[in-house]
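# Commentary on secondary and tertiary structure
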Amino acid sequence: MTRPRILVVGAGFAGVECVRRLERRLSPGEADITLVTPVSYQLYLPLLPQVASGVLTPQSIALSLRRSTKYRTRIIPGGAIGVDLRAKVCVIRTITDRVVDEPYDYIVLAPGSVTRTFDIPGLTDHAFGLKTLAEAAYIRDHVICQLDLADASDDPAERAARLQFVVVGGGYAGTETVACLQRLTHAAVRRYPRLDRSLIKWHLIDIAPRLMPELGDKLGRSAQEYLRRRGVEISLGVSVSRVGPEEVVLTDGRVVPTHTLIWTAGVVASPLIATLGADTVKGRLAVTAEMTLPGYDGVFALGDSAAVPDLAEGDGAVCPPTAQHATRQGRQAADNLIAALRGRPMRPYRHRDLGLVVDLGGKDAVARPLGLELHGLPAQVVTRGYHLGAMRTNVAKTRVATNWLLNAVAGDDFVRTGFQSRRPAKLTDFEYTHAYMSPDQVREYVAREHSGRL
């Protein structure tokens, strides 16, 4: 008899934890494990703003999937663009743009999320996202490039526009992004004697009435105060109505001359979920507490793309799309898959959220570990300790800690690394959301491929 084929889609927190658990608890003869991912690393997303600001190097938060020689999982370098649940086939576009299909007996869907956008004129043409390692490196080059171009310009209007930066999204990602990049520009301006420091302006925009409401009123106000003391202009209850190459128009009528709009206004489930033709909850796949898909045998879904019931909260709540939940769901999904293989009962996922930590750079931070509200230096100690503890390998922990120490002691050299090309790259150039199939296209492709092999 052939071994069962387990296919894991996605190498984020959920997918990698699932694969690692499967490898440890299944003998080589019990199943073949395959992982579909376009990159051969797990990205530690919470520290992405620090890569954009140059505090951390890109390599320090890209945890290699091939570092250990003990792991036996086969890695397909590509992205899943469709799944035929009835035929048990996943359609994959490799990094060379070749479309292949991969049959499976069990599939674990953990494709993560993509940046949430709206039908705002010019948004996808002129905005940057911050969801991938390439975007973080590109944004750093872009921001330093604006300082270089402003310094070289003799046009006061152009200089002022290049020194204004807009970040949309007052949640965790947007707040950390504006905090980290604001520190970068204000440290860098000392190296540009022709630039007036007062011309550098950072704007944080969010339609919500409060900054980071998940932290509570007190810590949200503390974070807001830290940013305002640094000169960040915070506009709440406001959004973007139009984006141009050299300006951003807000819904309150203001026009901000700028060449930089960073869009961090939330995430949505991967477009892969729409190819399944299954029930969803606000775009996320509707699954049971055991992370199985009702009506389909051998299908598990978890992480940002799955609406996993939050039994710790109750009242019909679903788990928020956080790394904390994704990591633990990955382990539980692996245990449940192994239970299904061995004919044993599965266990529901249950985990109480441990809280949030927000690094605002330097000694500034806010945190709420286990309900305890902290700000300033104590929060920073907890925040960085949490990140080091959450990283998967000792090598990554050492790299991050060394980067923090080196940046604190020696500062930054403000070097552009060459990602800033003459052709601007925006949201759609990094996340490839146009590459996915429709449910009908998936079925037609699988049927055509299957008939061609008969």
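Below: a short report on this structure.

Rules and cut-offs
Residues numbered from 1 in each chain as written. Predicted model: local features only at pLDDT ≥ 70, side-chain atom pairs only at ≥ 80, totals over all residues. Heavy atoms only, no water. Helix = DSSP H or I, 4+ residues; strand = E, 2+ residues; numbered from the N terminus. Rg over C-alpha atoms; globule rule 2.2 N^0.38 Å. Buried < 20%, exposed > 50% of the residue type's maximum accessible area, 1.4 Å probe, protein only. Contact = heavy atoms within 4.5 Å. Areas by Shrake-Rupley, 256 points an atom, 1.4 Å probe, with all protein chains shown as cover. Lys, Arg positive; Asp, Glu negative; His and termini not counted. Charge placed at Lys NZ, Arg CZ, Asp CG, Glu CD. Axes fitted to C-alpha atoms, helices over the stretch in contact; angles between N-to-C directions. Left-handed = near helix turned anticlockwise from the far one by under 90°. Nonpolar A, V, L, I, M, F, W, Y, C, P; charged D, E, K, R; others polar. Pairing = 2+ DSSP bridges. Polar contact = N/O pair within 3.5 Å; in protein donor to acceptor, adjacent residues only side chain to side chain. Phe/Tyr/Trp six-rings, centres within 6.5 Å; stacked < 30°, edge-to-face > 60°. Expected span 1.5 Å × (residues − 1). Core = buried A, V, L, I, M, F, W, Y, C linked by side-chain atoms within 4.5 Å. Parallel < 35°, antiparallel > 145°, perpendicular 65-115°, else oblique. Salt bridge = Lys/Arg side-chain N within 4 Å of Asp/Glu carboxyl O. Right-handed = clockwise from strand over helix to strand, strands pointing away.

## Observations concerning the overall build of the protein
Scanning the protein from N- to C-terminus turns up twelve helices and 24 strands. For 454 residues, the compact-globule formula gives about 22 Å, and the C-alpha radius of gyration of the protein, at 23 Å, lands near that figure. Referenced to the eigenvectors of the C-alpha coordinate spread, the extents of the protein come out at roughly 75 × 50 × 45 Å. Counting across all 454 residues of the protein, residues that qualify as buried make up 53%. Across the protein, the fraction of contacts at a sequence separation of at least 24, relative to all contacts at a separation of at least 6, is 69%. Summing over all exposed atoms, the protein offers an accessible surface of approximately 20,600 Å²; the carbon and sulfur share of this is 52%. Of the side chains in the protein, 56 bear a positive and 47 a negative charge, and the two mean positions are spaced by 7 Å.

## Some points on the packing of helix α4 (residues 133-152) against helix α6 (residues 172-188)
Closest axis-to-axis distance for the α4/α6 pair is 11 Å, and the angle between their directions is 35°. Our pair here, α4 against α6, has a crossing hand that is right-handed. On α6, the residues touching I139, R140, V143 and L147 of α4 are L181, L184, T185 and A188. For the contact of α4 with α6, the residue count by class is six nonpolar, one polar and one charged.

## Considering the sheet that holds strand β21 (residues 306-307)
Ordered by their spatial adjacency, three strands build an open sheet running β18-β19-β21, and the pairing between neighbours is mixed. If you trace the sheet from one side to the other, it starts and ends with β18 (280-281) and β21, each paired once.

## A closer look at the environment of V281
Considering the arrangement of structural elements, one finds V281 in strand β18. Here V281 falls in the partly exposed class, since its relative accessible area comes to 38%.

## Some points on the environment of Q42
Along the chain, Q42 turns up in strand β3 (residues 41-43). Separated by 29 residues in the primary sequence, Q42 and F13 have C-alpha atoms spaced 7.2 Å apart. Apart from residues lying up to four places away in sequence, Q42 is in contact with A11, G12, F13, V16, I61, A62, L63, L65 and R392. A distance of 2.8 Å separates the side chain of Q42 from the side chain of R392, its partner in a polar contact.

## What to know about the packing of aromatic side chains
Under the defined criterion, the tally for this structure stands at five aromatic pairs. Between F13 and Y44, the ring centres sit 5.6 Å apart and the planes meet at 70°, which makes this aromatic pair edge-to-face. On the criterion of sequence distance, the pair formed by F13 in helix α1 (residues 13-25) and Y44 in the loop between β3 and α2 (48-52) is long-range, its members being 31 residues apart. An identical accessibility class is assigned to F13 and Y44; each is buried.

## Notes on helix α8 (residues 323-341)
Relative to the 27 Å expected for 19 residues at 1.5 Å per residue, α8 spans 27 Å between its end C-alpha atoms, a close match to the ideal helical length. Of all 19 residues in α8, 14 are buried; the element is thus mostly enclosed. One or two steps after α8, the chain reaches G343, where phi turns positive at roughly 70°.

## Notes on the sheet that holds strand β5 (residues 74-84)
Pairing between sheet strands relies on hydrogen bonds along the backbone, with the strands arranged either parallel or antiparallel. Taken in spatial order, the seven strands make up an open sheet running β7-β6-β5-β2-β1-β8-β20, and their pairing is mixed. One side of each edge strand has no neighbouring strand; the edge strands of this open sheet are β7 (99-103) and β20 (299-301). For this sheet, the mean angle separating the axes of adjacent strands, direction not counted, is 35°.

## A word on unusual backbone geometry
Backbone geometry follows two general trends: most residues other than glycine have a negative phi, and most peptide bonds adopt the trans configuration. Positive phi is not limited to glycine here, since K88 has a value of about 60°. With respect to the helices, strands and loops of the structure, K88 is situated in the loop between β5 and β6 (89-94). What makes K88 partly exposed here is its relative accessible area of 22%. In this structure, L370 takes a positive phi of about 55° despite not being glycine. Mapped onto the fold, L370 is located in the loop between β23 (365-367) and β24 (374-375).

## Observations concerning the nonpolar core
L22, I61, V83, I107, L109 and L285 are the most contacted members of the largest nonpolar core, which totals 109 residues. Ranked by residue count, the leading element in this core is α4, at eight residues. Every residue in contact with L22, bar those within four places of it in the chain, is listed here: I6, V8, I33, R72, A334, L337 and I338.

## Quick look at the packing of helix α9 (residues 377-390) against helix α10 (residues 394-410)
At a minimum axis separation of 9 Å, α9 and α10 run at an interaxial angle of 150°. Taken together, the axes of α9 and α10 lie roughly antiparallel to each other. In the crossing of α9 with α10, the sense of the turn from one axis to the other is right-handed. Where α9 approaches α10, its residues R384, H387, L388 and G389 are matched on the opposing element by K397, V400, A401 and W404.

## Details of the pattern of salt bridges
Taken as a whole, this structure holds 21 salt bridges when the rule is applied. K88 is the salt-bridge partner of D297, the closest N and O atoms lying 3.6 Å from each other. Of the two residues, D297 is situated in the loop between β19 (284-286) and β20 and K88 in the loop between β5 and β6; the sequence distance between them amounts to 209 residues. Using a relative accessible area of 61% as the deciding quantity, one classes D297 as exposed.

## A few points about the pairing of strand β10 (residues 164-168)
With five of five residues buried, β10 is to be regarded as a mostly interior element. Here β10 shows no split at all, with Q164, V166 and V168 on one side and F165 and V167 on the other all buried. As paired strands, β10 and strand β11 (residues 201-206) are joined by five bridges and run parallel to one another. Residue pairing for β11: V166 is matched across the bridge by H203. The parallel pair β10 and β11 is bridged by α6, and the resulting crossover is right-handed.

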